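Summary of structural features
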Amino acid sequence: MFSPAPRLVAVLGPTNTGKTHLAIERMLGHKSGMIGFPLRLLARENYDRIVKLRGARAVALITGEEKILPPNPSYFVCTAESMPLDRAVDFLAVDEIQLCADPERGHVFTARLLHARGLAETMFLGADTIKPLMRQLVPEFEHVSRPRFSTLTYTGHKKVTRLPRRSAVVAFAVADVFSLAELIRRQRGGTAVVLGALSPRARNAQVGMFQAGEVDYLVATDAIGMGLNMDLDHVAFARIGKFDGRGPRRLTAAELAQIAGRAGRHMSDGTFGTTAEQGPLDPEIVEAVENHRFDPLTRLNWRNIRLRFESVEALLKSLDERPSRPGLVQAREADDHRALQALARNREVTDLASNRGAVRLLWEVCQIPDFRKVMTDSHTRLLAHIFTHLAGPEERLPTQWIAAQMNNLDRTEGDIDSLMARIAHIRTWTYITHRSDWVEGATSWQEQARGIEDRLSDALHDRITQRFVDRRSAFLVRRLGSDDELIASVSASGEVRVEGAYVGRLDGLRFVPDAIDGIEMRMVNAAANRVLRREVGARARMLAVDADQAFAIDAAGLLRWRGGVVGRLVAGERMLAPRVEAIGGDFIEGDTREKIRQRLTAFVRAEIERRLAPLFAIADLPLGGVGRGLAFQLADALGALPASATTCGSESAALDRADRTAMSRHGVRFGTETVYVEPLFRHEALRFRALLWAVRHGRAVPALPGARRLGKAIAVDPALPLSFYAAIGFGVCDGLALRADRLERLAATARQRSRHGPFVADGDLAALAGVEPNALRPLLMALGYRAVIDQGVEIFVARPRRRRGAAGRNAVRPREGHPFAKLRELKLA
């Protein structure tokens, strides 16, 4: 019976013409078939499609890193390099056949074009640019042209931040991709990222995020030009030049079209353009891309497939053979060829490669891919190590060595670059473990390698998403771009949400917006304001009648109501009477603001009276005129006065016994150096006095040491005036500040010792002052003692300058250097 000649068909045309769909449809119309794709990603995607149509038992998947082989499959879905051409099938197809011109992998596609055939039908899919050379090399092919389902239109150049939603921005260096992704995250909330170095799983996860609408932008290298079908409306080129392995060059119109063709899928039209930094495309390129008219390919890359394995030298020589047919050129040395050249210089390797079988094995080892694409010495050493094991007595890779290599890669910590490097490395091991003749228990190792790759891929996807996507911002950008009215709410804790997304909080009566990248905050605020005005009004009414327990003054002088800031202390006429300034944002009107201020003023007055209660208790005593005057001075100075100051000295001397006793019962101490209110030296009271001083002088609140340290002499801060130390009841002398009660104890002990003659400044005196013994000298001299050297020892002698009638029998005249002498003329306001 006559059998028809096998059909040879070339289906050529631009992207989005349904070529792949047609090929799969034709393959499934035959009893058996095989189709080769340029990417593992594409092979897996179409394998899954065919499994749904024919079932898993009928379909095999063969790539360098993955093999799914049921017992008797009818259809084989492969990468171009992995097609099992020794198996006869009725239908055979190769996708993206124009890759025959690719400098790295072109020789593989050229070999398929010239030699791969199906028993009944052979189909090659690709771009029109290969048509003239295909007619020349394989004249028997029938050519079928497919028009694009949708149109591509050039829209000029725009800033990245002005690109429409559902746009892809294309660059060719990883650094450029990352900087563009950072910009879009800041301005538009986030972007998916696609790089050639991503594993298929990580790439699919990023594309899936874009497809699901979680982000509206995608930044990619030319990796999107093939094998990724997405709902893209616009492609913008941030660069139109790339480094191709030899040097920088501009992309051709056909290469630009391959990438731009991702915009507009099936019947939806697409647009393309450039970013503002790149500038406009040449009119000739625009016309070529829009009309799909490109210069035809002039040469295809070829490498001899009839290799000789008599020796390593013979193999290298056969690889260097040049093509004899016009239109074909010798391919650039591929990675496997370069690996062989490097290993040929290794004496141990060449000694083992001494027969045809060993040379063939060496060539198979050289074809182990370096997914890092660097062909470093480390990869060459790995290949040499593998070959020496396989060519050795055991003819297998050592199990412990494989385990150590994989365990070293099974780590998910690190940044994006670290994870991509580990993924590239484990993909090499995935390839190795699919050689069951090299590895014992290959299936188990394959599962382990795949598990590591999956974990690394998931971690990589998470790192990319964390760095380049703010999900909240991306969501709000989409909602702000719609015509629907935004819904806002305020929780009981003060969280403000727009469309369920957190946008800020109410701090007291003031809206504090959260920093949201890529958001026009004016629009968010407009949505939030509708609910905020009502909420703030209700809070203001509650504040005006709330109890004092709901308010507080914090360490910086801010007034808080139920934890939120509602006002601040500002300078008044006296330290004890600061004014109040309400903080209410834009939602508090004049009358309401005044009511808030009055309520805060009442609280502040009550809080000062509570914290400095002894001062107000003294002022309320039924004292005579002299006592009332002294009480007023003590209150004005926040509880401490130099006893020798003119008014204080005369008034305390004129106090009658009853008033002195009454004031003493409330903590007033009449010392020889200072008159002070002892309870106000507690730590919290000292901090509050420092706060009131800072408010009165319009300064930041000075930091004070801890409670234990404040009982000792402290170093004077030269940036602070003496009025600060006076306000907290410290005397200053020669760079040291000493609390008034400590100063009195020191003075009393020194007086007691001086009654028995000259004395030494020993450790007991130093402990009273909280200083080292050698630091006592300026304090004692300021208290009126003279230092004398007697037989090499410094002793102190009293200088009696006593007078009666000042602050009592033991009052002293103010002396040069006295801790409070400089404060005599200081107006404590």
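Everything quoted here is computed from the prediction, not taken from an experiment. One numbering rule holds for all chains: residues counted from 1, following each sequence as written. Local features in this predicted model are restricted to residues of pLDDT 70 or higher, and side-chain atom pairs are both shown and tallied only at a pLDDT of 80 or more, whereas totals for entire chains, interfaces and linings draw on every residue. Heavy atoms from the whole structure form the basis of all side-chain values; hydrogens and water molecules are not counted.

1. Describing the nonpolar core
Keep this limit in mind: Only buried residues count toward a nonpolar core, which is a set of Ala, Val, Leu, Ile, Met, Phe, Trp, Tyr and Cys residues joined through side-chain atoms within 4.5 Å. Each residue is placed in one exposure class: buried if its accessible area under a 1.4 Å probe, protein chains only, is under 20% of its type's maximum, exposed if it is over 50%, and partly exposed if it falls in between. Secondary structure elements are defined from DSSP: runs of H or I of at least 4 residues count as helices, runs of E of at least 2 residues count as strands, and each element is numbered from the N terminus. Any two residues whose heavy atoms approach within 4.5 Å at even a single point are treated as in contact.
By size, the foremost hydrophobic cluster in this structure holds 74 residues, and its most contacted members are Leu-509, Leu-612, Leu-634 and Met-663. Take this core: its biggest share by element is 9 residues, from helix α24 (residues 683–697). In contact with Leu-612, other than residues within four places in its own chain, are Leu-576, Leu-638, Leu-680, Phe-688, Arg-689 and Leu-692. Judged by nonpolar contacts, the second largest core, of 64 residues, contains Ile-184, Leu-390, Trp-401 and Leu-460.

2. Focus on the pairing of strand β24 (residues 558–561)
The cut-off we apply is this: We call two strands paired when DSSP finds no fewer than two bridges between them.
Burial along β24 is one-sided: the residues Leu-559 and Trp-561 are buried and none of Leu-558 and Arg-560 is. Where strand β23 (residues 551–553) and β24 come together, 3 bridges link them in antiparallel fashion. Directly across from Phe-551, in β24, lies its bridge partner Trp-561. What sits between the antiparallel neighbours β23 and β24 is a turn of 4 residues, in which Gly-557 has the positive phi angle 85°. In sequence, β24 turns back onto strand β25 (residues 564–574) through a hairpin of 2 residues, with Arg-562 there showing a positive phi of about 50°.

3. Considering the pairing of strand β13 (residues 234–237)
It is a general feature of regular strands that their side chains alternate between the two faces of the sheet. What you see with β13 is no split at all: His-234 and Ala-236 on one side and Val-235 and Phe-237 on the other are buried throughout. One ladder, built from 4 bridges, connects strand β10 (residues 167–170) with β13; its direction is parallel. Counted as the bridge partner of Val-169 is Ala-236 from β13. Bridge analysis of β13 against strand β16 (residues 270–275) gives 4 bridges, and the strand direction is parallel. Considered in β16, the bridge of Ala-236 is made with Gly-273.

4. A word on the pattern of salt bridges
Quick note on the threshold: Basic side-chain nitrogens of Lys or Arg form a salt bridge, by our definition, when they fall within 4 Å of a carboxyl oxygen of Asp or Glu.
Throughout the structure, instances matching the rule amount to 47 salt bridges. Put simply, Glu-255 and Arg-249 hold a salt bridge, and the shortest N to O gap is 2.8 Å. Note on Glu-255: relative accessible area 29%, which makes it partly exposed. By sharing partners, the salt bridges in this structure join Arg-7, Arg-26, Glu-121 and Glu-142 into a single network.

5. Digging into the sheet that holds β23
Put simply, the rule is: For helices, the fitted line uses only the C-alpha atoms of the stretch in contact; every axis is such a line through C-alpha atoms, and the angle between N-to-C directions lies from 0 to 180 degrees.
One open sheet holds the 4 strands; their spatial order is β23-β24-β25-β26, and the pairing between them is antiparallel. Because the sheet does not close on itself, it has two edges, and the strands there are β23 and β26 (577–582). Across this sheet, the average inter-strand angle for adjacent strands is 30°, counted without regard to direction. As paired elements, β24 and β25 share 4 bridges and run antiparallel to each other. Along β25, the bridge assignment pairs Trp-561 with Gly-564. The strands touched by helix α19 (residues 590–611) within the sheet are β23, β24, β25 and β26, with β26 carrying the most contacts at an inclination of about 145°.

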